[in-house]
Structure formats: C-alpha cells, structure tokens
Amino acid sequence: MTELTKHEPTTIYIKPSTGLAALNLRDLWLYRELVYFMIWREIKVRYKQTMLGAAWAIIQPVLTMIVFTFIFGRVAKLPTDGNIPYPIFSYTALLPWGLFSAALNQASRSLTSNQNMVSKIYFPRLVLPLASVLSGLVDFVIAFVILIGLLIYYRVMPSINVLWALPLFLLLTIITALGVALWLSAINVKYRDVNYALPFMTQFWQFITPIAYSSTLIPAKWQIIYMLNPMAGVVNGFRWALLGIGNGPDAGLWLSVGISLLVLVSGLYYFRNMEKTFADTI
Amino acid sequence: MTTAISVKNLGKQYKIGAAQQKFQYNMFRDVIVDTLMTPVRIFRALRGQGIRGATHTSMIWALKDISFDLEEGKVLGIVGRNGAGKSTLLKILSRVTEPTVGTVSVRGRVGSLLEVGTGFHPELTGRENIYMNGAILGMKSAEIDRKFDEIVDFSEVGQFIDTPVKRYSSGMYLRLAFAVAAHLEPEILVVDEVLAVGDAEFQRKCLGKMGDVAQQGRTVLFVSHNMSAILRLTQEAIVLKKGQLIKRAPTAEAVDYYLSSGQAESGERIWSMEDVPVTSAPFKPVAIRIKDRGGKVVDTVRSTEPVTVEWEYQLDAPITGLRVGMYLSSMRGEYIFTSFDTDDAAQFEQFGARKAGRYISRCHIPADFFNEGRYSLGVNASSFAVRRYFMDENALSFNVDISGAPGTQWPEVRQGPVRPRLDWKIEKVD
C-alpha cells in the first residue's frame, strides 16, 4: 500500500478508436518485463519432454546442410563463389534462414495459441509475436557454434567487418521476420488459413532466397527484382560478413533494407489496427 | 472523494451471426458443405459483399447506454443474469476489448481477475508460473520477489513449488493461480466469478482476501452470482439486464430487486436463443417450470403440498457424465440445497451418458418443506470435473404460501428457510 500512495495514479481514457491507431510503442516499453518473461517461457518450454532437447537446434540446420551438400554440391554441382567449400557456403545461409522460418512459424501462431491471455487480460498484444521472434535467437546462437567449428575446419578467416556487419545483418533478419510475423499473426486471428498457407509459403520463399545456390547465378537483368526479397539481402550479407564473398553493402542490399522496414512499419500499423478486434474475434 | 471510474453512455455491439457460424462447425458434414461453398464465398467476397455475406449477420448490443461513476475506495457489486453484459462491462474496463460507443475514464492501474491462471504453462514449475503469471497481470519482478513467500503461503502448495504444475491437482493449481492474482496491488480491482470454484475452505479464504482488499481502500468491482458474497463484500450494487443498467442501490436493495424481478413471476422460465451463450453447446436449456400437485404451472406454491420442478432441455450432441440439477436458495442468497438428476448411482448408470434429443428432468419436492417467503431456483448442467455446460444461478423464483403449515396458528415469523412438519411426541413423565 505504501507504494501506491507514492505516485499519483494516471487516468486512462477508454473510448472507441477511430481512424488509424497510433503505434503507441510506449505501452510496449512499459511491458518490457513481460516480453522478457514470454521469451524465457518459450525457451524454457520449447524442448521440454523431448529426448534430444536443445540438440534439435543443431540437428536441423546440420542435416539440411548435409542434404544440400549432397544434392546441390555433389550431384547438381552448383558453383559457390570464391572457392568456398559448399557445406560452409550453405550453412552460412541456413543460419539466418532457420531463424527467419522458425520465427514465422512460432509468431504467426503466437496470438491464437495464447487465446486465453488475449481474451481475458489487457497487455500490448505486440508482446506475443515479438517474444516469439526473439526467442528464436537462442537456437541461432546454438547453431552458430557449429558454424565456428566449420570455419576453423575449412580454415576460412572472416574479415574484421564481421564485428559490425554480423550484428547488423542479424538485426535485419529480426526486422524482416517481425514485419512478416506481425501481418501473419494478426490475419491468423480471424482467418486460420494462415496455418495452412504458411508451410507452403515458407518453402516457396526458401526457393527464391539464395540458400542452396549463389545469387550471382541470377541474370543481371533480374537482380533488382530478385533483391526485392529482403531475405536475399540478409543471406548475401551473412556470406559477405562471414566468408568474405560478394560485394558487401550495395544498392541491392539497401533495397532489401528498405523493403524490410516497409514490411515492419506496415505490419505494425496493421497489427495495431486489428488489435482492438482480437479479443472479440479470436 | 475523487472519482475512480467514470462510465458515460457506454455501449458494445457484437455480431451474432458470425459467432453462430463458427458454432455450427461442430459437425463434419457442415465442414464439407462449407468447403464446397468456398468458391461461392470467394466470389461474393470479391464482389464486395464481405466474406460472411452468406450468413445473415445480425448485431446485438451486449451493453447499451451504461453510465455510472464510482468513487475511489468503494466496492461495487454487479449482478445480472447470464448474458446481461456483466463480463463485457468488465472486459471493457480492463481494456481487453474496446467499446463501440461511449467513454470510460479510469484513474489508476486496473488489475483484473477475469480468469485466474491465465498464462500458466503446464510444463513450468509453480515458482516459474508465479513469475510468469505476475508479469502477465502487470506486476514488476521486484514486486513479485517481495511477495513471493506470501503468495506461496497463501496458495498452500508449499513443498510442490518446484514441481511442474501439470503434476498438480486441480485444487492446487487453482489455489496457486488465485494466490498470484490476489496479491496484485492495483488501484482498481476487477473480479469476475473467481469464487465459483475451489472447495468451501478455500472459498472462505478468497472471500477473506477480497474483504482485505476492500478494507485497504482500493476500488473494487465485483461480479458474482453468489448473492451472499455480494451482500457481504459490497455496500452498493448495480443490476444489469439485457445490457442495460436498470438499478443502482445499496446492495441489499439491489439484490432484492434483482432476485424478485424479471421473468420469474410466471412460474416458468423459457430460454430464448439469445439467452443461451454459445459456449453451452451442445447443451441447450429450453424451459424450467414449477408445478403444483395438480400439474398446473404456478408462481406461488403451498408449503403443505408437494411441488414438482421440471427442467426441459435439448442435447444437440450426446454428452457423457451429464448431470442436470438445481440450486435452491433463499432471497438472502443462502443456499438451501443442491441436487442433481443423476445423484442416485443407479440413475447415473442409466442416464450418465445421454444421446442427443430433448429431455425433461423432473424433481419432486415433498410437502412441508418450504417456509414462508420467496425462493430462488438456480440451474446447472455439467459433467463433473470436465465441463460446466450451462449455469444460471437465478433461473426462476417463486413464492411460498404457508397457510396450513405447522405452527401457523401463531402469527409470527419463523426463522430458517425450511418449515418441516416434524414428528413431536409429548409424554408426561411424572
């Protein structure tokens, strides 16, 4: 009780919102502890009652890398850039891609799987997709350890750029994932079609992202269109930062960044505008 | 005194067509038909008729023209039947859902106990869930640290605090969930029916806690079907009926008004479509009637004659473990008895699993049972420990006339809700 008297309570006005809702990110900041707890809960619960536990974070990208190496590296003999061995070439791309696709998967269902919370309690709903996306970082870090092993094994030395570039490209992955996740999770509240469309969408998206192949294989006249996919920028960025191949930040990358930000901002607005109907339609 | 809550012309409109469409999805056949209709629906959507163009969506006002002010430190009770808009009002006040029209200003943090245990994860331990749930309810972790021991103490789960809650009994789970919520310290507390669950001992404890909260000078809004809890904890109450505020008065008066008002006068209550929440499916109450010895539907029964209570209902799908029954309570809100149609083991054997169809459960209440006054009949249809399909704590009320009952030669009020004709023997011993 003593605590209550310390600060003057603020008055909240509740009224029907009209027009475009304000982003009101301050609210999200007030609930930052909840974001932290939700991330912690997802991590804590993710590999409960599994036999292999967190090893799954390694098994998935490593097995994919092995299959890719066999099919695309050995059988199809796809070229990599600058003499980089195929396993490390694909694994470097699989890392951000894994983060991205897992984030979409978790976050698109974040509102519907926490139905109880959404329909009973007030909190900024942004917390849920945000926490889902961020919780994927743990798996990313675990899988990254394998990459360090591969770098040592294949004697690839990243340039000094990696120190600033890697965090920035990681941030770009998160921004892209969050932007798409906001759209998907909000749509999913009303139309559960998202659950069925998502696996197909992720698979399609993987094909148009330079994971198994190099983006230099795309003809020059298609490059601009190709780079409209922000994940293409992310993957190229990872390869440039870690393996030193590609051009580094160029026009194509800025295009990717622009698209990412556009998706994020539009996603935020869409989410905030749909938010008021969540409790009624979920 | 400052105003803690000020509600002005508040209204909330829902689409009911949409809800019913979802509800029909119970049958596989509907899903198939619906799938085949997809091209038609998409075509309609493209033509701008809306994706739900196929069904007639009608709008219903769950709340309409609600205005009231509440001063800081007051405890306000909210009573009304199922579907009267109580929960909608609380949801708006706690910002879960937005009003369609009107404004509310709320001074201070609103903590809601709309449902305890929200956000509990079965895989997490009791300790972890306390922190998780606290954060969801808007507590800071420092605040939870400070109150942790108190919460564990209150919940009585003690040594199991580091066990995943999926291993808890439902009672333990509930106690822990309520304990976290009860230790919130918001300026305004919104409580909805949390006390309907748990054993009697724990309910007493919860009511005690609620009383403490009220004593500490916090503003509390309390929704319950339990009239004695409302009477005990609140000084003032509002009565909602079909989304409208029909009465605001000191609690005793408001409760009296609520219990004796409404459809109850005729001795029969018929549920119309919109009175039945979608969530009660596949159970659908049809009507409840009070009949006298001659089988006539009556509002006033004679204490000296037996009474029949008849509850008619429809099952849209088979239900197993079903029990359909009633609560009888006095106008003061004290329970007199609770009885279910399958209380008898042999009866349960035969009717525990019921096929779809229309049923009537009849109950005979013997003569010489009721005392003078008005009684309230509540109904409940549930499968024990599985689900409560439907409940209405005040489905019907009726009067009792005591002419001819034992002791009526003395014109006085007899204490107690029952007036049995007991077998007295008088013996001269000396």
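### A closer look at the overall build of chain A
A tally of regular secondary structure across chain A gives twelve helices and one strand. Listing each helix as α and each strand as β along chain A from the N terminus yields α-β-α-α-α-α-α-α-α-α-α-α-α. Based on the C-alpha atoms only, the size of chain A along its principal axes is roughly 65 × 45 × 40 Å. Per-residue burial for chain A yields a buried fraction of 40% across its 282 residues. Nonlocal contacts in chain A, meaning residues at least 24 apart in sequence, comprise 82% of its contacts between residues at least 6 apart.

### Points about helix 12 (residues 251–281) of chain A
Helix length check: helix 12 of chain A, at 31 residues, gives a terminal C-alpha distance of 42 Å against a target of 45 Å (1.5 Å per residue), a fit within 8%. Remark: the principal bend of helix 12 of chain A, roughly 50°, maps to Glu275(A).

### A short note on the sheet that holds strand 1 (residues 11–14) of chain A
The strands that make up a sheet are held in pairs by hydrogen bonds between backbone atoms, and each pair lies either parallel or antiparallel. Reading across the sheet, the four strands line up as 1(A)-4(B)-1(B)-2(B) and stay open at both edges, with antiparallel pairing between neighbours. Edge positions in the sheet fall to strand 1 of chain A together with strand 2 (59–71) of chain B, since each has one partner strand and no second. Each strand axis lies, on average, 15° off the axis of its neighbour in the sheet, ignoring direction.

### With respect to the interface of chain A and chain B
Taken together, the contact pairs 27 residues of chain A with 36 residues of chain B. When residues of the side of chain A that touches chain B are assigned to their parent elements, the largest contribution, six residues, is made by helix 3 (residues 32–46) of chain A. A breakdown of the residues in the side of chain A that touches chain B according to their chemical character gives 15 nonpolar, four polar and eight charged. Sheet topology note: the strand 1 of chain A/strand 4 (residues 101–107) of chain B ladder contains four bridges and is antiparallel. Note on strand 4 of chain B: the bridge partner recorded for Tyr13(A) is Ser105(B).

### Notes on the packing of helix 5 (residues 126–136) of chain B against helix 7 (residues 170–182) of chain B
Residue and element names in this part refer to chain B. Interaxial distance between helix 5 and helix 7 falls to 10 Å at its minimum, and their mutual angle equals 40°. Regarding the angle of helix 5 to helix 7, the classification is oblique. Helix 7 is crossed by helix 5, and the crossing has right-handed handedness. The residues of helix 7 that touch helix 5, namely those facing Gly126, Ile130, Asn133 and Gly134, are Leu176, Ala177 and Val180.

### Description of the confidence of the model for chain B
All names here are of chain B. Taken as a whole, chain B shows an average pLDDT of 82; of its residues, 86% reach a score of 70 or greater. When pLDDT is averaged over each element of chain B, strand 13 (residues 307–315) comes out on top at 93 and helix 1 (residues 16–23) at the bottom at 48. Contacts of residues 50–55 to residues separated by more than four positions or lying in other chains number twelve contacts, the stretch itself having pLDDT below 50.

### Overview of the nonpolar core
Core analysis: the biggest nonpolar cluster contains 140 residues, and Val127(A), Ala177(A), Ala181(A), Ile78(B) and Phe222(B) have the highest contact counts within it. Discounting chain neighbours no more than four positions away, the residues touching Ile78(B) are Lys86(B), Leu89(B), Leu221(B), Phe222(B), Val223(B), Ala237(B), Ile238(B) and Leu240(B). Judged by nonpolar contacts, the second largest core, of 25 residues, contains Val309(B), Trp311(B), Tyr327(B) and Phe398(B).

### Quick word on the sheet that holds strand 13 of chain B
Residue and element names in this part refer to chain B. One open sheet accounts for four strands, arranged 10-11-13-16; its pairing is antiparallel. Edge positions in the sheet fall to strand 10 (268–270) and strand 16 (357–365), since each has one partner strand and no second. The average undirected angle you get between the axes of adjacent strands in this sheet is 15°. Judged from the nine bridges that link them, strand 13 and strand 16 form a sheet pairing that is antiparallel. Bridging from a neighbouring strand, Gln314 pairs with Arg358 of strand 16.

### Notes on helix 5 of chain B
Burial runs high along helix 5 of chain B: ten of the eleven residues are buried. Buried within helix 5 of chain B we find Gly126(B), Glu128(B), Asn129(B), Ile130(B), Tyr131(B), Met132(B), Asn133(B), Gly134(B), Ala135(B) and Ile136(B). Where helix 5 of chain B is buried, its residues touch helix 3 and helix 6 (115–120) of chain A together with helix 6 (141–155) and helix 7 of chain B. Gly138(B) sits one or two residues past helix 5 of chain B and shows a positive phi near 95°.

### Observations regarding the environment of Leu30(A)
By the element assignment, Leu30(A) lies in helix 2 (residues 25–30). C-alpha separation for the pair Leu30(A) and Phe123(A), spaced 93 residues apart in sequence, amounts to 9.7 Å.

### A look at the pairing of strand 3 (residues 75–80) of chain B
All names here are of chain B. Counting buried positions along strand 3 yields six of six residues, so the element is predominantly enclosed. Side chains of strand 3 alternate between two faces, with Val75, Gly77 and Val79 and Leu76, Ile78 and Gly80 buried alike. Pairing analysis gives four bridges linking strand 3 to strand 7 (residues 219–223), with the strands arranged parallel. Residue pairing in the sheet places Ile78 in a bridge with Val223 of strand 7. Of the strand pairs in this sheet, strand 3 and strand 8 (residues 236–241) are connected by five bridges, and their pairing is parallel. Across the sheet, residue Leu76 finds its bridge partner in strand 8, namely Glu236.

What counts and how
- Residues numbered from 1 in each chain as written.
- Chains lettered and ligands numbered in written order.
- Predicted model: local features only at pLDDT ≥ 70, side-chain atom pairs only at ≥ 80, totals over all residues.
- Helix = DSSP H or I, 4+ residues; strand = E, 2+ residues; numbered from the N terminus.
- Buried ≥ 20, exposed ≤ 12 C-beta atoms within 10 Å, placed from the backbone.
- Contact = placed C-beta atoms within 7 Å.
- Expected span 1.5 Å × (residues − 1).
- Bend = angle between axes of the 7 residues up to and from the residue.
- Pairing = 2+ DSSP bridges.
- Axes fitted to C-alpha atoms, helices over the stretch in contact; angles between N-to-C directions.
- Nonpolar A, V, L, I, M, F, W, Y, C, P; charged D, E, K, R; others polar.
- Parallel < 35°, antiparallel > 145°, perpendicular 65-115°, else oblique.
- Left-handed = near helix turned anticlockwise from the far one by under 90°.
- pLDDT = per-residue confidence, 0-100.
- Core = buried A, V, L, I, M, F, W, Y, C linked by C-beta atoms within 7 Å.

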